[in-house]
Structure formats: C-alpha cells, structure tokens
Amino acid sequence: MELNINGIRQEVDIEADTPLLWALRDTLGMTGTKYGCGVAQCGACTVLVDGQPTRSCVTTVDTVVGTQITTIEAITDDPVGRKVVEAWVVNQVPQCGYCQSGQVMAATALLKETPQPTDDGIAAAMVNLCRCGTYNAIAAAVRDAAQA
Amino acid sequence: MNQIHTDVPGNAASHDKPFNISRRGFLGTVAGALVLGVAVPGAIRPALAQAAAAAAAPGTRVPAFIEIRPDSTVFFRSAFIEGGQGIFTAMAQIVGEELDVDPANFVVEAAPPGPDYGLIGGYRFTGGSFSVRSSYDLMRKLGASARGMLLQAAAERLSVPVAELSTEPGRVMHAASGRSLAYGEIAEAAARLPVPETVTLREPKDFRWIGKPVERLDIRAKSTGKTQYAIDTKVENMLYAAVQHSPRLGGEPGSLANEAEVKVRKGVHSVHRLPGAVAVVADSWWRARMAVEALQVTWTEPAAGTAHAMPADFSSAGHMEKLKATTGDGVVFEEQGDAAAALSSAAKVVEATYDAPHLVHGQLEPPSAVARWNEDGTLELWIPNQAPEMFQGDAAKVADIAPEKVIIHSPMLGGFFGRHFLYQSANPYPQAILLAKAIGRPIKLVWSREEEFLRDTLRPMGVVRFRAGLDQDGNPTAVSAVAVGEGATGRWFGRQPDKVDSSAVEGIAGKIYAIPNKRIAQIHVDDPAIIGFWRSVGHSMNDFFSETFFDEMADAGRKDPYELRLELLKDSARHHTLLQAVAELSGGWKRGPFAAEDGTRRARGLAMASPFGSEVATIAEVSLSDGQVVVHDVWVAIDPGSIVNPRVIEHQVNSAVALGVSSALLEEVVYIDGLPQARNYDGYPILTPDMMPRVHVRIIESGAPIGGIGEPGLPGVPPAIANAVAVLATERPRSLPLSKTTFEEKKA
Ligand code: FES
Ligand code: FES
C-alpha cells in the first residue's frame, strides 16, 4: 500500500486493517503521533487526513490510501501550523506534553478551516483529553494563534 | 549517547563541608562535543568513579552534574525526572543563577543511577513535591562552586588576581583590561583546578532567574512532537511485545488453546508465558497486540497464600461496606486535649461519615519498557520511572545480575501523578527483561491502555467517621476522626502494626484550626487492590473529608464557614493572610446562593490545606445543571514560602485543579467479581475541556521554608466544590465522585 505522508509517498507492507497510528509509529518510525487509548477517546493520535483532524488509532490504512496525510513531524512546514506552535510556546502550553502533538494538530486543522473561530468554535473543535489539565492554556493559545 | 567519564579521584570529603574535595575532574563531555577535562583510561575508570563517589556527598561533585560545552552552553544532569512539572527548568534556573549562565542555555537530561544523585538523604525519587525543596541549597552551591573554578582558571589564563574578575552570563570579565573569556574557552583548564573551599551565593535580591517566569526548556520540542518518551524509544534490531495479563492478579497462564495458530500469524516471532501474563513478540506492536489478544488463555486460580492475589469475589461496593462497618476508636495519630470529654460535655454533637473511591492515575502515556542485553553483560533499560536507583536494584534482581550492570535511561514522562514508582506488579520492565533474554534481541514492550487499567496501582479507598462538639455559641470545641483503610506509604515502605501510616491520615491530621480538643486515629483494613501514590497522596481525599466536615460543623453552629475559619486562624498570621488573600482574589467572600449573569444559580465553597510544605486556600464557584455539578471558577491562593518560577506554579496549580475537579466530579474505579469494570477512558471518564473551570492563582511568598508545588494545588479543590454544592443542594455531598448523585436544588 502507498501512503502520502507529509507530501512524501511511502510504501507500507502491512495488513489493510492496521490502524494508521501504528503504520506511522512502527512501520515508518514517526513517533511524534502518540498512542493514548486506541479507541478514539483521547485524541493523542490526531493527524490530518485531507486537512480533517482524524484519530489515527481507529483509522485503518486502507481508508487513507490516496489521501494527503499530515503529521506533527511536518507541522512547521505549514504557515498555520507555525503560528499554532508559536502560540503554544508563548502560552507555555505543554506540561508532560504527551497529548500536545494531537492538540497542535487539532488546533491547526481548526484554524485552517476557520481562521477566526469563536470561543464556542474553539470549544467544539478542541476536544482532545489532557490529563495534565492544560485546557485553559490551550484555549488561550488557539485564540492567540487566530490573532497572529 | 556515549558518555565518557572524566573523573579524577577525589580526596576525603566531610559531609558538612561539601566542597573540600581538593582535586577532581570538572567538565566532562557529551556526544558530539569536544572531550574536555581529564581523560581517565577506561580500565581504571570504575574504580576511580567509585572512589570519587564514596568521597563526595551527594549533590556536590560538579562533573556528575555539569558539563560545559565549547560553545559555553551547559549540559546538566538532573537528579529529578521531568514529567511536566517543570523541574528541568527549575534546575537550570537555580544552577544557572549561581553559575551565571542563562537557563535558556541549558540542556537538561535525567541523570543515570548513581550515589551523586541521592539528594534526599542518600536516596532519590521524584515525588512528594520534594524536588526543589530537597535540592535548592545544594544546587545553588553546586553552580557557585563551578563558577568559582571558572574564575580561577580565567585568572591564571589572564595572569590577573581572581579578585579583579567578575562574570557576565557565560563569560568571565576583566573590567580593568577590557578582556573577557567565554566559559567554553576555559572549561578544560577549570577541570584541573581545586574546587573552592567556600563559595559566596548571590543575594536573593539580585536574582535574575530564580523567582522569575523563565520560559520552560521543554516547550518547543513538546509542541512539535520531538520529545522522546519511553514509548518512543527505538533501538537497533528491536522487536515489539504485547501482553495479556491474568484478569485477576495472582493467576498464571494455564493452557493456550490456539497457540499454534497464533504463532504462525503474520509478523509473529514467538509466544511466551510470563509470570501472571502471556506475551507475543512480533515485528510491530500492532501485530503483537492483535496476536496476544487472540490467544485463548486458561488462567489458573492463584495458589493459596499468593501475596496480594485479587479475590474472585472482590467488589468495590463490598469493600466500601466493609470499611463502613469497621467500627472502633482506632490507633491514635494526633491528639490534643481530651476530645472524648469535650464531646460528652458539648452542647451539640455533629457526626458524619465520608468516603472516596479507588482511582487510577490515567497518565496519558501508557507504560512501556525497552530492554537490551549488551554483549558486555550489561542490561540497558529505557523505562518511565520516578526513582532510577530503585528500578535499577529491582531490575538487577529480575535479570539476576549485579545492579551496576543495569543501565537505566529515564526519559521524559508522559504524565506520572505517582504512577511510576517501583510497584512490582504494575511495571512492564520485568517482562521486557525476560523477553529480551529469551529471544536474544532488544524488546520494546508496550502495555495497551486496557492492560494499564488492569494493572495500574490505585489510590486507596477511604472512609472517615467524624464527630465534632460545639459549645452553646456554636464554636467547635472538639473534633474526633477515625480513618478506615490503608495508606500507600505503609504498603510500599513497610507498615508497623501499632503505628499509623501518616499517608492514611494526612489532611485529617495536621489541620491548622485552633480547636482545643482533637483526636485523629486510624483503623487499618487491608485494601485488596494494589494501591499506590496518587497526586497529593492521602491529602487528595483526606482534605475533602476534613474540610467538608468543617463546613458541616460551621453550619451546625450557624457560623459562616469563612468567618469561622478566620476566627480559628486568628493566631496564625500565615494562614490568616492566605485565607484573606483567596477571598480577595475572588472579589470578596460570598457564599451564595446568588444569580450569575447567565441566569444560573451559583454558590461558592471554601477549603484550606497544608500539603507538602505549602499552604493553600481554595474557593470554587459551582452551579447545578440537571442535578449534576458544574464548576465555573476556582481561585487558589498558594503560599510555598518562596518560589523559583511563578509561571510554572500557575500552570501546576491549573493542572492540580484539573485533576482535583476530575476526581471530585467523575472518577471512580469499580470492581465487580475481582475485575475492574473500566478498561479504558470510555468506562472511566476523566475531565474533558468543556468541564475545565477558569483558574485564578495568587502566589504568596511568606518567607517560610520552601514548600512543594506539583501536588499542593489539588487537595483543596474537591472540598471547595463540595462545600459549594452543599449551599445549593438539598443533600450534603459526603461521597465521591459527585456524579454518582443527582442533586436536588434547595428551594430559593
Ligand atoms: S490514541 Fe487515538 S484517540 Fe486515543
Ligand atoms: S500535557 Fe500532559 S497530557 Fe496534556
């Protein structure tokens, strides 16, 4: 199977029903995307599939053949991604950081789709779990990134 | 990373005079940097390292901690593990302040095992909100000592007296001649110099970085997915492993009905029986996991007498009933005056029983372990841990080799909250060690979230019975409390039957109010679960019990809970100030109920706690929506004595509030028939973004001895919420989590 990840075509020899998360982490060695729950509960595994935030732990690879997949490894190649990362730094968002790849991907997807989200729009899009409770900092950083 | 040790032997050092080792190596090396300092032939290195280690008190041997690179940046080995609490940045601030290097120019990693890092009475762990508290003075002296050596080296290089030299960040300056030297230029020369006998520390008023909102060092990497957690470790030639544990602890794998089928699945390398588990090794973790979960295992019943075997009939509800049915006066932990007499002569007696459930840690990074047996007989482990030497010792036992042959890497932790102490049945590394040995290749073992829910250690279940006596005017004259259950400290560090484990009563005992008669006691009842330390340990539930009961007492005496606290703290300036500060931060104390702008009916609750050397006062504002509790705002005034980084404190308080709200509202482990009902977050809800309250923090530096930061923000949150709910609801919350109860609003 051929996957297009961050603009690069990659051949993966795995079962069609393998979750994209494990194709990224184990087959391709791209460990920036995280495993938290494996059942679409936490969002640590969020990547963009054709720009849509997608939980890669429950997305099998056969369903993303022919799409553009973007992962955290390429986040600063994207102008919106760069703004998000800068806002994350200014707001000192991460604590343990484990959820933050997914949070940054979700925020980037939101701002690419809706450059000036309302607070409700932010709340509706930023639903990933953070056990460290960085939620207030995340919301502040998304607002900042929208202004930048 | 290859590390070349560059120690030269130290002479005898006395423990009260930490810097009098007359000669020793100074600046070591890191991979890719120049080799600086004194090279010691490999063959004699271990002996020298031992000699030096034996001579130096922990925290004093500069090269064990500090390496200055040619570009004058500092590579620093932290005795403490970073897991989001900001300790690496704190270390850079504290050491950088005295070394005179901007913390931004530090690269910090967790130190390997070794006696140099035993900063807590010769031991080391990252926990108890103890890292800065236990190392602040030592790390300042360490930085100052290194700076003194750089000054001396510069004096020799420039042929001027040391007294004519000063430093600016990263440089030694000679003002008279206008010459200067970068630290990187003199690092090697400094290595050959004696360590200064005495060092002068900076005046706190001159601090540039300590006490300032310095940016954290780990933020950018964590915002771009570059941080390597244990679960991200890759080593050459490794295979992946996944396990299926015995559903109940103590069971062993019996027959594997379909082993032959599983063995030939694509990518599968081998199938293994382990103590209490089965494992599959494969060429990817997903294949290993699918295969191990396909295994049809018959589990044996635990052999009679198996320690901590999970009983087949264990249920959370049953254990709660047992705790509640366990009566008696217990073993006294704290006593003042004569509580029994005061209670019998009281005008009014208030009684209530409180309880709190088992909780999981729920850190977002599932446990993992990478194990590699090296050709030289050493075993290398990459493992999430809060105590490298303890893990090293235990891994050595599992591997049956000497501890010094176990090399421990302690990567950044994807959250911990007490999860990564040495809990034998809750760590994957023993399995990884056995598997790597069996297959002769490195193993990366990851526990699925479901296996983690099965084997995580739990916060103990707790029940407390309170009685309070009030006088004619409603003033409390006596409090008596009996806690029933087991503490985590006793479980893991040994319990003396005639003594109370302080972790079982902290937060019920040690309260600050001037109540003349007190008796705080405990009845030990074995907790059938594997219990562990959970962020703020006993305080996480005990302050809920005691501070909520405080409000019951106040209400029974017709006193406002804020005014009563002020009255009972009038002789304690520190607490009085703190309580007023939190009230002021919230715009002035108002209990409610009151109508908010959005039309909801709200109330506020208050709590105070004294956890881990800090003092905290908390106010929460809540409303009820369809009988469920909504938390809108939390105000926290925290007095840790003095501080290192106000911004990190604000973020840690936010984090502690989140976990406090989560535990108060949502979290509960439920066992039925010996099995946990939740195996992932879908069955064990944790706080979601929409439930997060606004958090307002005020830091007060009273100048008292420095206290902890990571945990103290938590204990006040559940009682502040419950006390607010009590104002609105017909029923007073006495049992967590609050989501179990559908509260009915009192008529206005
Ligand atoms: S790992 Fe995919 S949602 Fe949690
Ligand atoms: S920063 Fe730790 S889980 Fe979000």
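Thresholds applied
- Residues numbered from 1 in each chain as written.
- Chains lettered and ligands numbered in written order.
- Predicted model: local features only at pLDDT ≥ 70, side-chain atom pairs only at ≥ 80, totals over all residues.
- Heavy atoms only, no water.
- Helix = DSSP H or I, 4+ residues; strand = E, 2+ residues; numbered from the N terminus.
- Buried < 20%, exposed > 50% of the residue type's maximum accessible area, 1.4 Å probe, protein only.
- Contact = heavy atoms within 4.5 Å.
- Areas by Shrake-Rupley, 256 points an atom, 1.4 Å probe, with all protein chains shown as cover.
- Lys, Arg positive; Asp, Glu negative; His and termini not counted.
- Charge placed at Lys NZ, Arg CZ, Asp CG, Glu CD.
- Salt bridge = Lys/Arg side-chain N within 4 Å of Asp/Glu carboxyl O.
- Core = buried A, V, L, I, M, F, W, Y, C linked by side-chain atoms within 4.5 Å.
- Axes fitted to C-alpha atoms, helices over the stretch in contact; angles between N-to-C directions.
- Left-handed = near helix turned anticlockwise from the far one by under 90°.
- Nonpolar A, V, L, I, M, F, W, Y, C, P; charged D, E, K, R; others polar.
- Parallel < 35°, antiparallel > 145°, perpendicular 65-115°, else oblique.
- Polar contact = N/O pair within 3.5 Å; in protein donor to acceptor, adjacent residues only side chain to side chain.
- Pairing = 2+ DSSP bridges.

**Q** I tried to follow the overall build of chain B on my own but got confused; where do I start?
**A** Secondary structure assignment for chain B yields 20 helices and 27 strands. Each of the three principal axes of chain B carries a C-alpha extent, and together these read 80 × 75 × 50 Å. Taken across its 748 residues, chain B has 63% of its residues classed as buried. For chain B, contacts bridging at least 24 residues in sequence account for 76% of all contacts bridging at least 6. Of the roughly 27200 Å² of accessible surface on chain B, a fraction of 51% belongs to carbon and sulfur atoms. With 73 positive and 86 negative side-chain charges, chain B shows a spacing of 2 Å between the two charge centroids.

**Q** Is there a simple way to think about the pattern of salt bridges in this case?
**A** Any two side chains of opposite charge can pair, given that their charged atoms come close. According to the stated counting rule, one finds 49 salt bridges over all chains in the structure shown. The salt bridge involving Asp232(B) is made with Lys34(A); its shortest N-O contact spans 2.5 Å. Taken together, the residues Asp232(B) in the loop between α6 (219–223) and β7 (239–245) and Lys34(A) in the loop between α1 (20–27) and β3 (46–49) connect one chain to another. Residue classification places Asp232(B) among the buried positions, given a relative accessible area of 0%.

**Q** Which parts of the structure should I look at to understand the nonpolar core?
**A** All names here are of chain B. Within the largest apolar cluster, 196 residues are counted, with the highest numbers of intra-cluster contacts made by Ile66, Phe76, Val629 and Ile721. Looking at this core, the element that brings in the most residues is helix α4 (residues 131–158), giving 12 residues. Ignoring any residue separated from it by four or fewer positions in sequence, one finds Phe76 in contact with Phe65, Ile66, Met91, Val95, Phe106, Val107, Val108, Glu109, Met139 and Leu142. Counting 29 residues, the second largest nonpolar core, distinct from the first, contains Leu379, Ala395, Tyr429 and Ile433.

**Q** How do you make sense of the packing of helix α3 (residues 100–113) of chain A against helix α5 (residues 135–147) of chain A when you look at a structure like this?
**A** Helix packing geometry: the angle between the two helix axes and the distance between the axes. Residue and element names in this part refer to chain A. Contact geometry for α3 and α5: axes closest at 11 Å, N-to-C directions at 40°. Remark: the crossing between α3 and α5 carries right-handed chirality. Taking contact as the criterion, the partners of Gln100, Gln103, Ala107, Leu110 and Leu111 in α3 are, on α5, Ile138, Val142, Ala145 and Ala146. The class makeup of the residues in the contact of α3 with α5 is 7 nonpolar, 2 polar and no charged.

**Q** How do you make sense of the packing of helix α16 (residues 539–556) of chain B against helix α20 (residues 717–728) of chain B when you look at a structure like this?
**A** Residue and element names in this part refer to chain B. Between α16 and α20, whose axes approach to 7 Å, the crossing angle comes to 30°. If you check the angle between α16 and α20, you find them roughly parallel. Crossing hand, α16 versus α20: right-handed. Facing Ser540, Asp543, Phe544, Glu547, Thr548 and Asp551 of α16, the residues of α20 in contact are Pro718, Pro719, Ala722 and Asn723. A breakdown of the residues in the contact of α16 with α20 according to their chemical character gives 4 nonpolar, 3 polar and 3 charged.

**Q** Which parts of the structure should I look at to understand the side chain of Asp501(B)?
**A** Residue and element names in this part refer to chain B. Checked against the element boundaries, Asp501 lands in the loop between α14 (488–493) and α15 (502–505). No salt bridge is formed by the buried Asp501; its nearest oppositely charged neighbour, Arg495, is found at 7.1 Å. A distance of 2.7 Å separates a polar side-chain atom of Asp501 from the backbone nitrogen of Gly490. Those residues in contact with Asp501 that lie beyond four places of it in its chain are Gly487, Ala488, Thr489, Gly490 and Gln522.

**Q** Which parts of the structure should I look at to understand the sheet that holds strand β1 (residues 66–68) of chain B?
**A** Sheet strands line up and pair through hydrogen bonds in the backbone, either parallel or antiparallel. Residues and elements named next belong to chain B. The 3 strands lie next to each other as β1-β2-β3, forming an open sheet whose pairing is mixed. Edge positions in the sheet fall to β1 and β3 (106–110), since each of these pairs with one other strand and no more. On average, each strand axis in the sheet is tilted by 20° relative to the strand beside it, whichever way the strands run. Direction of pairing for β1 relative to strand β2 (residues 74–78): antiparallel, over a ladder of 3 bridges. Bridging from a neighbouring strand, Ile68 pairs with Val74 of β2. Set on the sheet, helix α3 (residues 87–99) makes contact with β1, β2 and β3; between it and β3 the angle comes to about 130°.

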